[in-house]
Amino acid sequence: MANPIVIAIDGTSASGKSTNAKRIAKALGFFYVDTGAMYRTLAWYCQRSQVDVSDPKAVFAACRKWRASLECVDTHIRLLVDGYFPEREIRTAEVSRAVPQVAAVPKVRDWMKKKQRECVRFGNLVMEGRDIGSNVFPETDYKFYLDASLDERSARRAADGIEENLAARDAHDSQRAAAPLMIPLGAVVVNNSGLTPERTSQMILDEIHKRLPAKE
Ligand code: DC
């Protein structure tokens with residue numbers, strides 16, 4: 001494929017990135033990439049290997065040592081460790097607490113960016129994260145930034161049975177020096193407080209269709 005299209009979906013925690021990115025990928029027939037899962041996988045690997053996540057050097061050493069590969073499973077592109085995707089393990093409270101520290105290490109971010117850019121070898125992508133439009137694919141014309149009120153985002157997490165201090169995690173992600181969470185230049189900002197996923201993804205799809213090159 002000459003020039004794969006990359007739809008970048010960034011935003012705060014529990015702003016609906018995963019739900020909408022999956023819906024949009026399905027509607028367009030694109031591959032879906034959850035970059036948060038990649039950082040979570042490294043945090044899980046560090047915990048399992050007894051690597052101190054507050055030690056940036058040790059975290060990056062782990063990142064160089066692990067045997068990680070990109071695989072496509074049912075249109076989802078995933079980072080596997082020793083051939084395994086720790087789907088459930090990366091959603092624990094321990095991993096959620098550790099992951100911002102792992103994600104703040106500049107060399108880890110460089111490593112992840114390289115892997116994330118490699119995903120275009122599979123084809124057109126919908127990629128969700130915190131720095132996709134600002135740092136990983138700054139050249140894309142398809143940038144979206146999702147947000148919702150803190151109350152609504154906390155309620156969504158609670159409905160999933162997850163207790164989490166979202167304000168603290170967002171502050172950590174926005175204030176770190178390396179590729180902080182921000183609204184990428186040229187991004188369409190979608191505040192989906194009070195909106196259904198159907199409505200939100202339709203708004204995003206409408207914007208995408210305006211920009212897609214016309215089919216011959
Ligand atoms: O989206 P998530 O909650 O699964 O993300 C987990 C953590 O990884 C979150 O603290 C932010 C970080 N992250 C990041 O720094 N950059 C990305 N592109 C994706 C996630």
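Residues numbered from 1 in each chain as written. Predicted model: local features only at pLDDT ≥ 70, side-chain atom pairs only at ≥ 80, totals over all residues. Heavy atoms only, no water.

1. Side note on the overall build of the protein chain
Right, on to step 1. Looking only at helices and strands, the protein chain has 9 helices and 7 strands in total.
Right, on to step 2. Taken against the 2.2 N^0.38 rule, which gives 17 Å for 216 residues, the C-alpha radius of gyration of the protein chain at 17 Å falls within 12% of a compact globule.
Right, on to step 3. Expressed along its principal axes, the backbone C-alpha trace of the protein chain runs to roughly 55 × 40 × 30 Å.
Right, on to step 4. Taking all 216 residues of the protein chain together, 49% fall into the buried category.
Right, on to step 5. Relative to all contacts within the protein chain whose residues are 6 or more apart in sequence, the contacts with residues 24 or more apart total 75%.
Right, on to step 6. Element-wise, carbon and sulfur atoms account for 51% of the exposed surface of the protein chain, whose accessible area totals about 10900 Å².
Right, on to step 7. One way to put it: in the protein chain the 32 positive side-chain charges average out to a point 4 Å from where the 28 negative ones average out. (Helix = DSSP H or I, 4+ residues; strand = E, 2+ residues; numbered from the N terminus. Rg over C-alpha atoms; globule rule 2.2 N^0.38 Å. Buried < 20%, exposed > 50% of the residue type's maximum accessible area, 1.4 Å probe, protein only. Contact = heavy atoms within 4.5 Å. Areas by Shrake-Rupley, 256 points an atom, 1.4 Å probe, with all protein chains shown as cover. Lys, Arg positive; Asp, Glu negative; His and termini not counted. Charge placed at Lys NZ, Arg CZ, Asp CG, Glu CD.)

2. Regarding the site of the ligand
Right, on to step 1. Near the ligand, the surroundings consist of 16 residues, among which Arg40, Arg109, Arg130, Asp131 and Arg176 are the closest.
Right, on to step 2. A distance of 3.0 Å separates a nitrogen atom of the ligand from a polar side-chain atom of Thr35.
Right, on to step 3. One of the side-chain N or O atoms of Arg130 is found 2.8 Å from an oxygen atom in the ligand.
Right, on to step 4. For the ligand, whose accessible area on its own is 450 Å², the fraction buried by protein is 97%.
Right, on to step 5. Among the secondary structure elements, those contributing two or more residues to the shell around the ligand are helix 2 (35–48), helix 4 (93–103) and helix 8 (166–175). (Near = heavy atom within 4 Å. Polar contact = N/O pair within 3.5 Å; in protein donor to acceptor, adjacent residues only side chain to side chain.)

3. So, the environment of Val126
Right, on to step 1. Along the chain, the position of Val126 falls in strand 5 (residues 125–129).
Right, on to step 2. C-alpha separation for the pair Val126 and Arg23, spaced 103 residues apart in sequence, amounts to 9.7 Å.
Right, on to step 3. The contacts of Val126, once residues within four sequence positions are left out, are Ile7, Ile9, Ala21, Ile24, Ala25, Phe30, Phe31, Tyr32 and Val33.

4. So, the pattern of salt bridges
Right, on to step 1. Applying the stated criterion across every chain yields a total of 14 salt bridges.
Right, on to step 2. In this structure, Lys210 and Glu207 form a salt bridge, with 3.1 Å as the shortest nitrogen-oxygen distance. Here Glu207 and Lys210 lie together in helix 9 (residues 197–211), a separation of 3 residues that amounts to about one turn.
Right, on to step 3. Look at Lys210 and you get exposed, because its relative accessible area is 63%. (Salt bridge = Lys/Arg side-chain N within 4 Å of Asp/Glu carboxyl O.)

5. Things to note about the pairing of strand 7 (residues 188–191)
Right, on to step 1. What you see with strand 7 is a clean split: Val188 and Val190 sit on the buried side and Val189 and Asn191 on the side with no burial.
Right, on to step 2. As paired strands, strand 6 (residues 142–147) and strand 7 are joined by 4 bridges and run parallel to one another. Within the sheet, the bridge partner assigned to Tyr145 lies in strand 7 and is Val189. (Pairing = 2+ DSSP bridges.)

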